[in-house]
Amino acid sequence: MELLNVILVIFLILCAIAVERTKDLLSAVIIFAAYSLVMAVLWLLLRSPDVAMTEAAIGAGVTTIMFIAVISRTRRMEK
Amino acid sequence: MDDLIVKSISRMIIPFIQLYGIFVIFHGHLSPGGGFPGGAILGASIILYTLAFGAHKGHLKMPHHLSKRLESGAILWYIFLGLVGIWTGHLFLTNRAAGFFMGEPGEILSGGFIPLITVAIGLKVGSTIITLFHTMIEEEHDA
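Residues numbered from 1 in each chain as written. Chains lettered and ligands numbered in written order. Predicted model: local features only at pLDDT ≥ 70, side-chain atom pairs only at ≥ 80, totals over all residues.

**Some words on the UniProt feature "transmembrane region" (unreviewed entry) in chain A**
Residue and element names in this part refer to chain A. According to UniProt, the positions carrying the feature "transmembrane region" (unreviewed entry) are residues 28–46 and 53–72. In residues 28–46, the share of helix is 95% and the share of strand is 0%. The end C-alpha atoms are 26 Å apart. The distance separating the terminal C-alpha atoms of residues 53–72 is 28 Å; by composition the span is 100% helix and 0% strand. (UniProt positions renumbered as here; feature names shortened; annotations may be inferred. Helix = DSSP H or I, 4+ residues; strand = E, 2+ residues; numbered from the N terminus.)

Shown next as structure tokens:
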């Protein structure tokens with residue numbers, strides 16, 4: 001369990017760095033969705049299923065769709 | 001998006017998503033979850049419908065005047081439940097002393113007004129998310 005926790009946290013940090021480094025905004029949004037999903041699993045491991053459910057519904061679901069709707073109204077690539 | 005597979009899968013899966021959202025809302029005082037996650041799940045199901053079937057059909061499913069009424073009605077219902085406490089001579093959002101039905105612990109009809117308030121929060125959050133998404137999609141049509 002300890003090892004799984006460490007792996008998930010390392011993946012989380014890598015995702016956060018990758019979101020900042022990516023020039024393609026659509027890829028950044030997808031990586032951000034993966035970040036939210038791993039964060040939901042981490043909340044579950046921290047014995048907080050309430051927050052995990054909210055994170056999975058809002059963070060991975062609705063926020064991603066909102067970002068994609070915004071990208072479809074503007075440019076896809078960062079300048 | 002005009003894809004047969006996406007349309008069939010979402011037509012199959014949307015009732016289960018909505019049933020799960022309603023379950024989460026009604027068990028807000030017994031199990032993890034509550035008004036906010038349940039309402040977000042309900043809103044996400046309508047967003048999935050709009051993504052699969054297009055903005056026009058999504059609007060027909062959840063028109064603006066309906067979601068407007070749901071939003072205002074839910075928050076008014078919440079405030080009304082809070083004011084019941086003041087009318088019976090206690091503080092705002094008083095639960096047991098204001099005479100709400102407490103019931104057996106562990107059943108759906110228990111906990112005073114908590115299930116009623118959770119339903120109000122669920123409706124409010126769900127219709128707000130749907131309105132946000134539909135407004136963004138709508139502007140895309142005009143431009």
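**Here's the deal with the environment of Thr54 of chain A**
In this fold, Thr54 of chain A is placed in helix α3 (residues 49–73). In this structure, the C-alpha to C-alpha distance between Thr54 of chain A and Ala40 of chain A, residues 14 residues apart in sequence, is 8.3 Å.

**With respect to the packing of helix α1 (residues 4–26) of chain B against helix α2 (residues 35–53) of chain B**
All names here are of chain B. Here α1 crosses α2 at 165°, and the two axes come no closer than 8 Å. Here α2 runs roughly antiparallel to α1, going by the angle between their axes. The handedness of the crossing between α1 and α2 comes out as left-handed. Contacts from Val6, Lys7, Ser10, Ile14, Ile17, Gln18, Tyr20, Gly21, Val24 and Ile25 of α1 reach α2 at Gly35, Pro37, Gly38, Gly39, Ile41, Leu42, Ala44, Ser45, Leu48, Tyr49, Ala52 and Phe53. Of the residues that constitute the contact of α1 with α2, the class distribution is 14 nonpolar, seven polar and one charged. (Axes fitted to C-alpha atoms, helices over the stretch in contact; angles between N-to-C directions. Parallel < 35°, antiparallel > 145°, perpendicular 65-115°, else oblique. Left-handed = near helix turned anticlockwise from the far one by under 90°. Contact = placed C-beta atoms within 7 Å. Nonpolar A, V, L, I, M, F, W, Y, C, P; charged D, E, K, R; others polar.)

**Some words on the interface of chain B and chain A**
Counting residues at the interface gives 14 residues for chain B, matched by 13 residues for chain A. Elements with a contribution of two residues or more to the side of chain B that touches chain A: α2 and α5 (114–142) of chain B.

**Quick notes on helix α2 (residues 25–45) of chain A**
All names here are of chain A. The terminal C-alpha atoms of α2 lie 30 Å apart, and with 21 residues this matches the ideal 30 Å at 1.5 Å per residue to within 8%. Burial in α2 covers these residues: Ile31, Phe32, Tyr35, Ser36 and Ala40. The elements touched by buried residues of α2 are α1 (2–21) and α3. Two residues or fewer after α2 comes Arg47, characterised by a positive phi angle close to 60°. (Expected span 1.5 Å × (residues − 1). Buried ≥ 20, exposed ≤ 12 C-beta atoms within 10 Å, placed from the backbone.)

**Quick notes on the nonpolar core**
Residues Ala57 of chain A together with Ala40 and Ala120 of chain B are the most contacted members of the largest nonpolar core, which totals 34 residues. For this core, the secondary structure elements donating two or more residues are α3 of chain A together with α1, α2, α4 (64–87) and α5 of chain B. Here this core takes ten residues from α5 of chain B, the largest share from any one element. Apart from residues no more than four positions distant in its own chain, Ala120 of chain B is found in contact with Ala74, Trp77 and Tyr78 of chain B. (Core = buried A, V, L, I, M, F, W, Y, C linked by C-beta atoms within 7 Å.)

**Some details on unusual backbone geometry**
Backbone geometry follows two general trends: most residues other than glycine have a negative phi, and most peptide bonds adopt the trans configuration. For Arg47 of chain A, which is not glycine, the phi torsion reads 60° and is therefore positive. Position of Arg47 of chain A among the secondary structure elements: in the loop between α2 and α3. A tally of 7 C-beta atoms within 10 Å means that Arg47 of chain A is categorised as exposed. Within the chain, Leu93 of chain B stands out as a residue other than glycine whose phi angle is a positive 65°.

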